[in-house]
Amino acid sequence: MQPLDGLLVLDFSTLLPGPCASLLLAEAGARVVKIEKPDQGDEMRSYEPKIGEDSINFSMLNRGKQSIAIDLKESHSLMRLLPLIERADVLIEQFRPGVMDRLGLGYEAVRRINPQLVYCSITGWGQTGPKAKNAGHDLNYMAETGLLSLTKGATGEPVLPPILAADIAGGAYPAVMNILLALKQRDRTGCGSYLDICMADNLFTFMYWGLGKGFGMGCWPGSGDEIVTGGSPRYQIYPTKDGSYLAAAPLEDKFWNTFCKLIGLPELLCRADAPVAIVKAAVGERIAAANAEHWREVFAGQEVCCSIVVTLQEAVQDAQVKVRGLFEHQLEVAGRTLPALPTPIAPLFRAQTHCASAPRLNETQDPMLLI
């Protein structure tokens, strides 16, 4: 038995935050039914690259789910959904505020049908406030919460992040966390609840150090001037001679002293009161004098918190990843078997079916077959 066996989740969401959240629930045993648009379905299906009819991104995010196509704007759609709503434990949606109400599927309407339902809305700006109905994507939420202002490129501009932090860390993960809390509360009260998951709100947690400095000391962080944003030689990315990069994070003194000794930094520059700019330049000069492999060997087995920057292709082939079994689960797509998307669900709770596929659009047309 998995923790969420027997749980029915209705997922009205598309693209990334909601589908990622329902994927985690599915991996823990929940039965997830995607409610999709007829003909088109989830917009993610059309994204490139494709394997078979659908985007590989869609397949990764929707492994092990089911699909039914219903035009929510049609007057009879609610009647088709009624059996599913009556039986469902969780509903996930990520329309802008007010859309589900106009469709007759808002929380108050659905609660009258099923008072035990946990109803989770994921939006960029939340259900209230002057920005609530604004359009946005991950980059916008990071820009308007101050996150992008904290690091800068070589010419001083903000750095374009390679991760969709707001969608996943600000949306999908908090959604799952609060859904599980709501289900636990339902066990005690017998009542469902409404969850307002705001991706922008949840980004502020990642800047705890900046908030502490700003609120507590009245000194707000600038761009690239803090310990973890480039303001210290102990937390830097240094180029090597062969065009690779060393990610150096010897923050604590015990790591820093060993690091300085291994690279041959003069003792005066190892001191905490040494000029930051001069130390950065001196460390950079030494790292740039040798190839990445040299530094890999120098730091091997040493407690210095240093790593050579590798590609994604190299990372998935790392012995550590293989020992951890990160890609043991499989995804069936268009006659091929690929590694499934890793999830933060502990192996103890994750689906024991190691190979599964994403649903074809409207593969189950009768709602009663999904109950």
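Residues numbered from 1 in each chain as written. Predicted model: local features only at pLDDT ≥ 70, side-chain atom pairs only at ≥ 80, totals over all residues. Heavy atoms only, no water.

**Some thoughts on the overall build of the chain**
Phase 1: Counting secondary structure elements, the chain contains 15 helices and 14 strands.
Phase 2: Its C-alpha atoms give the chain principal-axis dimensions of about 75 × 50 × 40 Å.
Phase 3: Across the 371 residues of the chain, 43% fall into the buried class.
Phase 4: Long-range pairs, those at least 24 residues apart, make up 68% of the contacts in the chain between residues at least 6 apart in sequence.
Phase 5: Split by element, the accessible area of the chain, about 19700 Å² in all, is 56% carbon and sulfur.
Phase 6: If you average the places of the 34 positive and of the 41 negative side-chain charges in the chain, the two averages end up 2 Å apart. (Helix = DSSP H or I, 4+ residues; strand = E, 2+ residues; numbered from the N terminus. Buried < 20%, exposed > 50% of the residue type's maximum accessible area, 1.4 Å probe, protein only. Contact = heavy atoms within 4.5 Å. Areas by Shrake-Rupley, 256 points an atom, 1.4 Å probe, with all protein chains shown as cover. Lys, Arg positive; Asp, Glu negative; His and termini not counted. Charge placed at Lys NZ, Arg CZ, Asp CG, Glu CD.)

**Side note on the sheet that holds strand E14 (residues 355-357)**
Phase 1: With respect to topology, three strands assemble into an open sheet ordered E13-E12-E14, the strand pairing being mixed. The open sheet has two free edges, formed respectively by strand E13 (336-339) and E14, since each of these has just one partner strand. Adjacent strand axes in the sheet meet at a mean angle of 35° when their direction is disregarded.
Phase 2: Pairing analysis gives four bridges linking strand E12 (residues 330-333) to E13, with the strands arranged antiparallel. Within the sheet, the bridge partner assigned to Leu331 lies in E13 and is Leu338. (Pairing = 2+ DSSP bridges. Axes fitted to C-alpha atoms, helices over the stretch in contact; angles between N-to-C directions.)

**Considering the state of the cysteines**
Phase 1: Considering all chains together, one arrives at zero disulfides under this definition.
Phase 2: Note on Cys260: no disulfide assigned, nearest cysteine sulfur contributed by Cys270 at a separation of 3.3 Å. (Disulfide = S-S within 2.5 Å.)

**A short note on a nonpolar patch on the surface**
Phase 1: Among the surface-exposed residues, Ile227, Val228 and Tyr235 lie close enough to one another that they form a single nonpolar patch of about 250 Å² accessible area.
Phase 2: Topologically, Tyr235 is positioned in the loop between helix H9 (208-217) and strand E9 (236-239). (Patch = residues over 30% accessible without salt bridge, like charges linked within 9 Å, V, L, I, M, F, W, Y side chains within 5 Å. Salt bridge = Lys/Arg side-chain N within 4 Å of Asp/Glu carboxyl O.)

**Section: the packing of aromatic side chains**
Phase 1: On inspection of all chains with the given rule, the structure shows eight aromatic pairs.
Phase 2: Where Phe215 meets Trp220, the ring centres are 5.1 Å apart and the plane angle is 80°; that geometry is what we call edge-to-face.
Phase 3: Take Phe215: its relative accessible area is 65%, and that puts it in the exposed class.
Phase 4: We classify Trp220 as partly exposed; its relative accessible area is 48%.
Phase 5: Judged by centre distance (5.7 Å) and plane angle (20°), the ring pair of Phe259 and Phe299 falls under stacked. (Phe/Tyr/Trp six-rings, centres within 6.5 Å; stacked < 30°, edge-to-face > 60°.)

**Some remarks on the domain arrangement of the chain**
Phase 1: Assigned domains of the chain: these are domain 1 (8-204 + 326-357) and domain 2 (236-317).
Phase 2: Each of domain 1 and domain 2 was reduced to a C-alpha centroid, and the two centroids are 40 Å apart. (Domains from an automatic or database assignment.)

**Looking at the side chain of Ser13**
Phase 1: Its location among the elements puts Ser13 in the loop between strand E1 (8-11) and helix H1 (17-27).
Phase 2: Within polar-contact distance, the side chain of Ser13 engages the side chain of Asp11 at 2.4 Å.
Phase 3: Apart from the residues within four sequence positions on either side, Ser13 is in contact with Gly18, Pro19, Lys34, Asp42, Ile92 and Gln94. (Polar contact = N/O pair within 3.5 Å; in protein donor to acceptor, adjacent residues only side chain to side chain.)

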